[in-house]
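Below, each chain spelled out in residue letters.
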Amino acid sequence: MHMVCAFAMLSSTFSQTSDDLIPQLVAVIETMEVDAYGSTLNALTSLFHTDTTCTLSELVSFLQVIALMFQHAPPRSSRASDKCFSHLVLSLGPVATHFPTLTKPIVEVLVCVCQYRPHMLRPFDVPRILALLGILLGPRLAGPVHERDASAIFGGICGVLRSLIRHRKDLIKPCLPHLTELLSQQWRLLSHASSAHTGMAIERQIHASMPCWLNMVVSPLGLDAAQAFRRVLSELAGKTSVIHVSKKAKPHTPNMNETLAKSMTKHAVYILVAYARCVTMPHTTIPPNLRREIMPGLFALCDICGDFERDAALKGMLDASGQVVFKALWTEWEHQRYAVRDLDLLDTDDNITAGVLLLKVLTEQADTTSDAIAGYYQGLASVEANGMYSDT
């Protein structure tokens, strides 16, 4: 315990020297007695409250040590680490609001647990993690801090969400509305100012809607952030092997391949609507290069989204400009879904292929085969609105 605390104090004063000693600290943590590990971890996590007397540099160092202790916990210490993590996540919400400088080390702690030790999470931990991420992503009144770390913070948050979706589908399923809200919220952070010369009033409006660690006007997020977010969206439709941690589980029960696609059917549309709204904001937008990078993730959401939810979004959830973006996205999705290459309609073979693909789409969308065939000539929307014309 004394060695761990000494490292934390050294790290708060001489960060470069302490980085060189991390391998030695890891070796100490991995060989600690369970009781010593639990008491040390409990002592460190109890320091995080809004009335703490520790300096910010000391709190940053303590969070770094806590992350290492969770990641490299000794054998048979899961009970102690589980309890301390639950207590820590609960207390970090007010701390993050009071000390926004701690945003990056807080995210690093969550990454260490969700990525390296997801089995230690308990059912009530996931709602607390999502609530904490909501605080970190939400607008705060404090001045900008550590803007150079914005990409790392955003990437870390995406890593936490991806790990939860990939490894703990059993715990994330009850929290899908909260997860949907967080994913919808992240579109706003990927936006850039529409004009290079924005007025002071518009800049203040933009800053008021951003978290304190991101300055969209001066240093917006780039391709790295878009790639991280794309991987999260793609993971929603991915099928992965999940370990169910339960006392009732048999010791040799095989891991089951699961996906959130069916559970997300009614939620995916809200993420797509948030995207369309962010693209059409008056003073900000998601630039074309980021949109191209995220497109596979958007296609994954289109695969998940139900037809009823899609039609409801077009009719009642978007304005005219949002509907244009939404329809263009859906057209692009249908193109990549049915056509594996670009078709030249002046070429006989390609023209026949395009006709077959169009009939396939119409057959899926029309109520009857007759309507689908009529829609090939007259247009399905016209058939549904006016019936078949005499020449059809």
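Residues numbered from 1 in each chain as written. Predicted model: local features only at pLDDT ≥ 70, side-chain atom pairs only at ≥ 80, totals over all residues. Heavy atoms only, no water.

Caption draft 1: Main features of the overall build of the protein chain. Each helix and strand in the protein chain was counted, giving 20 helices and 4 strands. Looking at the protein chain as a whole, 46% of its 392 residues are labelled buried. (Helix = DSSP H or I, 4+ residues; strand = E, 2+ residues; numbered from the N terminus. Buried < 20%, exposed > 50% of the residue type's maximum accessible area, 1.4 Å probe, protein only.)

Caption draft 2: Quick look at helix 19 (residues 369-378). All buried positions along helix 19 are accounted for by Ala372, Ala374, Gly375 and Gln378. For helix 19, the buried positions fall inside an angular range of 165° around the axis, keeping them on one side. The outward face of helix 19, more than 90 degrees from its buried face, is lined by the exposed residues Thr369, Ile373 and Tyr377. In the stretch just after helix 19, glycine 379 is the one whose phi turns positive, near 105°. (Arc of directions from axis to C-beta.)

Caption draft 3: How the structure looks around the pattern of salt bridges. Applying the stated rule across the entire model yields 6 salt bridges. With a shortest N-O distance of 3.2 Å, arginine 166 and glutamate 235 are connected by a salt bridge. Pair noted here: arginine 166 is in helix 9 (residues 150-167) and glutamate 235 is in helix 13 (residues 223-237), with a separation of 69 residues, a long-range link. Within this structure, Arg162, Arg166 and Glu235 form a network of salt bridges that share partners. (Salt bridge = Lys/Arg side-chain N within 4 Å of Asp/Glu carboxyl O.)

Caption draft 4: Quick look at the packing of aromatic side chains. The full count for this structure, using the stated rule, is 6 aromatic pairs. Considering the side-chain rings of phenylalanine 70 and phenylalanine 85, the 5.6 Å spacing of their centres and the 85° angle between planes classify their relative orientation as edge-to-face. Taken together, the residues span a long stretch of sequence, with phenylalanine 70 in helix 5 (residues 56-71) and phenylalanine 85 in helix 6 (residues 78-98) at a distance of 15 residues. Both residues of the pair, phenylalanine 70 and phenylalanine 85, belong to the buried class. Ring geometry for tryptophan 187 versus phenylalanine 229: centroids 4.8 Å apart, planes at 90°, classification edge-to-face. Separated by 42 residues along the polypeptide, tryptophan 187 in helix 11 (residues 176-189) and phenylalanine 229 in helix 13 bring together distant segments of the chain. Here the aromatic cluster, defined as three or more aromatic residues joined through ring pairs, consists of Phe154, Trp187, Phe229 and Tyr275. (Phe/Tyr/Trp six-rings, centres within 6.5 Å; stacked < 30°, edge-to-face > 60°.)

Caption draft 5: A look at the nonpolar core. Ranked by internal contacts, the top residues of the largest apolar core, which has 106 residues, are Phe70, Ile129, Trp187 and Leu236. Considering every element that reaches this core, the biggest residue donor is helix 14 (residues 268-279), with 10 residues. With residues up to four places along the chain from it excluded, the contact list for tryptophan 187 reads Phe229, Leu233, Ile271, Ala274, Tyr275, Cys278, Ile286, Ile294 and Leu298. (Core = buried A, V, L, I, M, F, W, Y, C linked by side-chain atoms within 4.5 Å. Contact = heavy atoms within 4.5 Å.)

Caption draft 6: Spotlight on helix 8 (residues 125-137). For helix 8, which comprises 13 residues, the first-to-last C-alpha distance of 18 Å matches the rise-based estimate of 18 Å (1.5 Å per residue) to within 8%. Turning to helix 8, its buried residues number three or more, namely Asp125, Val126, Ile129, Leu130, Leu132, Leu133, Leu136 and Leu137. The arc that holds the buried residues of helix 8, viewed along the axis, is 160°, so those residues lie on one side. Tucked inside the fold, the buried residues of helix 8 contact helix 6, helix 7 (103-116), helix 9, helix 10 (169-172) and helix 11. (Expected span 1.5 Å × (residues − 1).)

Caption draft 7: Layout of the packing of helix 4 (residues 34-45) against helix 6. Orientation of helix 4 relative to helix 6, taken along the N-to-C sense of each, is 5°, at an axis distance of 9 Å. By the criterion of interaxial angle, the relationship of helix 4 to helix 6 is roughly parallel. Where helix 4 approaches helix 6, its residues Tyr37, Gly38, Leu41, Asn42 and Thr45 are matched on the opposing element by Ala80, Ser81, Cys84, His87 and Leu88. Its residues assigned to classes, the contact of helix 4 with helix 6 shows 5 nonpolar, 5 polar and no charged. (Axes fitted to C-alpha atoms, helices over the stretch in contact; angles between N-to-C directions. Parallel < 35°, antiparallel > 145°, perpendicular 65-115°, else oblique. Nonpolar A, V, L, I, M, F, W, Y, C, P; charged D, E, K, R; others polar.)

Caption draft 8: Main features of a nonpolar patch on the surface. On the surface, Leu358, Leu359 and Tyr376 cluster together into a nonpolar patch covering about 260 Å² of accessible area. Within the secondary structure, tyrosine 376 is located in helix 19. (Patch = residues over 30% accessible without salt bridge, like charges linked within 9 Å, V, L, I, M, F, W, Y side chains within 5 Å. Areas by Shrake-Rupley, 256 points an atom, 1.4 Å probe, with all protein chains shown as cover.)

Caption draft 9: Just the environment of threonine 52, in detail. Locating threonine 52 in the fold gives a position in the loop between helix 4 and helix 5. Separated by 43 residues in the primary sequence, threonine 52 and valine 95 have C-alpha atoms spaced 9.5 Å apart.

Caption draft 10: Looking closely at the environment of glutamate 258. Checked against the element boundaries, glutamate 258 lands in strand 3 (residues 256-258). Separated by 92 residues in sequence, glutamate 258 and arginine 166 have C-alpha atoms that sit 9.1 Å apart.

Caption draft 11: Highlighting the packing of helix 11 against helix 14. Taken N-terminus to C-terminus, the directions of helix 11 and helix 14 make an angle of 15°; their axes are 9 Å apart at the nearest point. Taken together, the axis directions place helix 11 and helix 14 in an arrangement best described as roughly parallel. Of the two possible hands of crossing, helix 11 and helix 14 adopt the one that is right-handed. Contacts from Thr180, Leu183, Ser184, Trp187 and Arg188 in helix 11 reach Tyr270, Ile271, Ala274, Tyr275 and Cys278 in helix 14. Partitioned by chemical class, the residues of the contact of helix 11 with helix 14 number 7 nonpolar, 2 polar and 1 charged. (Left-handed = near helix turned anticlockwise from the far one by under 90°.)

Caption draft 12: Local environment of the environment of threonine 55. Take threonine 55: it is sitting in the loop between helix 4 and helix 5. Residue classification places threonine 55 among the partly exposed residues on the basis of a relative accessible area of 39%. Polar side-chain contacts of threonine 55 include one of 3.2 Å to the side chain of serine 57. (Polar contact = N/O pair within 3.5 Å; in protein donor to acceptor, adjacent residues only side chain to side chain.)

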